[in-house]
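# Fold and geometry: a report
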Amino acid sequence: MKAYDRLFIGGDWVTPAGTGTIDVINPTTEEVAGRVPDATEADVDKAVAAAREAFDRGPWPRMTPTERAAVLTTVSQAIQADMQGLAELITTEMGSPVAWGSMAQVFAPTMILDYYAGLASTFAFDEVRQGLLGEVLVSKEPVGVVAAISPWNVPLFIAAAKLAPALVSGCTVVFKPAPETPLDAFRLAEIFADAGLPKGVLSVVPAGREVGEHLVRHPGVDKVSFTGSTAAGKKIGSACGELLKRFSLELGGKSAAVLLDDVDLSQALPMLLPNAIMNNGEACIAQTRILAPRDRYQEVVDALVESVSAMKVGDPLDPSVEVGPLVAERQRDRVEGYIKVGQEEGAKVAVGGGRPAGISKGWFVEPTVFVDVDNSMRIAQEEIFGPVLAVIPYDGGDEQAVDIANDSAYGLCGSVWTNDPDRGLKVARGVRTGTYMLNSPIPIDFATPFGGYKESGIGREFGREGLELFLEQKSISLPAGYTPSL
Ligand code: NAD
């Protein structure tokens, strides 16, 4: 068992203010896999004070972006050197299948760190612009002290999505990981400390939502970068609006995969299915609504049932396993609750629907496919966050498919599958989501913006846009004849 009795505050491992602890429960064995201090408001106050001091007076914001980028590169290399160890740690915390996890949970964060390290030397932080009345230096400056708050489903990935652009911008960060996954966050803190990050620049304070709210409302915090549920995002957005704090929100999703009537299922399904039931279905971008033309509906259902039945469920540390347990008992209760709701609403379970046979421990749910689903049903409208798919028929051609895809409070991701990319592009343009896949298995490219329309969020992470989330813009009018050295 991995146990910590100190918190990483301002670059030092310090005794926490309180005595509470968080037990990390392995969702496969239901046993305690780790223990960390439960940070209190007093710990957050200390972390914000350290971040404030480091931002207002410390070296970090005054270094060049490329100097800061060097730290990110060192961190990326250290993560790459321990890919398997970190993947197993995250699997132990939250149940992600390790084969998927080593790529998405560990290697992807290094791609994000490397991308922002590279952007440091090409991004125009300063630009002298010819204005209407003279020359103006337009300078992009770090926004200040950042509160970064993350969920448990892809913990290191989201830490990288926030820390890499925030740090390369010159911000200082108080990072609150979800209480389910503090161990990889502490490991990351160790890696940053070893990489020579100056004191005060990063703190890691695992805690629940009350302490999270304290961090959000803290007067020393300039910007809140939040990833999590839409319900929490609304509260955080309201608090930030009231205080006029900068904020960005990456929230939930209920994405639709649109199969057009000319689709070649043998090509599309092997790309679609891993995006539908990725990470045990605990993925914001999961394609959980499958829209199929009525005259090919049964063929789609049969193919999906065959593929989903063949998915290997079991110990997520086994590299051949495709579906592991859900993060917590309450998450299994939630998913089972939705399976019941779907049946009560009149949808039929075509495969799955229960707990896998032969597994006596762990919070497993069988990968499940619902058929005869109407898009108005709760199982088609609400984010289940488990391995549960809803196959929805449509009659009226591509336009009706787009209407159904758009009949959702969410707008995070989506996909279209067709033999005709022009037709697919038209569908892609019609669906109101922040990212989209046209016959492509890739939901996120880190060099391009990612985020949500509607209740899926505000702002875009990744790409140049993800850096700009952590920058303020300042215009300095220059005297005639003066050229600043940049
Ligand atoms: P959650 O909203 O319950 O918690 C997320 C984090 O916010 C945790 O650290 C939690 O302690 C904290 N928190 C909760 N309420 C808070 C508040 N009022 N103030 C401050 N902090 C608060 O979400 P979860 O169950 O951990 O994660 C699952 C959700 O995250 C899903 O809805 C999923 O779609 C979403 N998600 C979105 C993205 C994205 O990029 N859009 C990525 C991953 C997960």
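Up top you'll find the structure we're talking about.
The model shown is predicted, which means the values in this text are computed figures rather than measured ones. (Residues numbered from 1 in each chain as written. Predicted model: local features only at pLDDT ≥ 70, side-chain atom pairs only at ≥ 80, totals over all residues. Heavy atoms only, no water.)

## Re helix α4 (residues 98–119)
The following threshold applies: Helix and strand definitions here come from DSSP, where helices need a minimum of 4 consecutive H or I residues and strands a minimum of 2 consecutive E residues; each element is numbered from the N-terminal end. A helix is expected to reach a length of 1.5 Å times the quantity of its residues less one. The angle between axes fitted to the seven-residue stretch ending at a residue and the seven-residue stretch beginning at it gives the bend at that residue.
An ideal rise of 1.5 Å per residue puts 32 Å on 22 residues; α4 measures up with 30 Å between its terminal C-alpha atoms. At Phe107, α4 shows its maximal kink, close to 35 degrees; a proline, Pro109, follows between one and four residues later.

## Some words on the layout of surface pockets
We apply this condition: Any residue with an atom within 4 Å of a point lines the site, the site being either a cavity, points on a 1 Å grid over the protein atoms alone where a 1.4 Å probe fits but cannot get out, or a pocket, an open set with protein on both sides within 12 Å along at least 5 of 7 lines. Grid points are joined across faces, edges and corners, and a volume is the space filled by probe spheres set on the points. Residue type decides the class: Asp, Glu, Lys and Arg count as charged, Ala, Val, Leu, Ile, Met, Phe, Trp, Tyr, Cys and Pro as nonpolar, and the leftover types, Gly among them, as polar.
Computed from the structure, the largest pocket encloses a volume of approximately 950 Å³. Taken together, 34 residues line the largest pocket, and the ones lying closest to its centre are Trp152, Arg209, Gly228, Ser229 and Ala232. Going through the elements one at a time, α7 (209–217), β11 (223–227), α8 (230–243) and α11 (329–345) are the ones with two or more residues in the lining of the largest pocket. Tallying contributions element by element places α8 first for the lining of the largest pocket, with five residues. Residues of the lining of the largest pocket, tallied by class, amount to 15 nonpolar, ten polar and nine charged. As a volume, the second largest pocket reaches approximately 650 Å³.

## A short note on the site of the ligand
The cut-off we apply is this: Here a residue counts as near a molecule or strand whenever at least one of its heavy atoms sits within 4 Å of it. In protein, a polar contact means a hydrogen-donor-capable atom and an acceptor-capable atom, both N or O and within 3.5 Å, with residues adjacent in sequence counting only if both atoms are side-chain atoms; elsewhere, any N or O pair within 3.5 Å suffices. Exposure was quantified through the Shrake-Rupley algorithm and a 1.4 Å probe, taking into account, for residues, occlusion by the shown protein chains and nothing else.
Lining the immediate environment of the ligand, one finds 30 residues, of which Ser150, Lys176, Ser229, Leu251 and Glu383 sit closest. The side chain of Arg209 places a nitrogen or oxygen atom 3.3 Å from an oxygen atom of the ligand. Separating an oxygen atom of the ligand from a backbone N or O atom of Gly228 is a distance of 3.3 Å. Contact with the protein chains covers 92% of the free accessible surface of the ligand, which is 840 Å². At the level of elements, α7, β11 and α8 are the ones that each hand at least two residues to the shell around the ligand. Take the shell around the ligand: its biggest share by element is four residues, from α7. In terms of residue class, the shell around the ligand is built from 17 nonpolar, eight polar and five charged.

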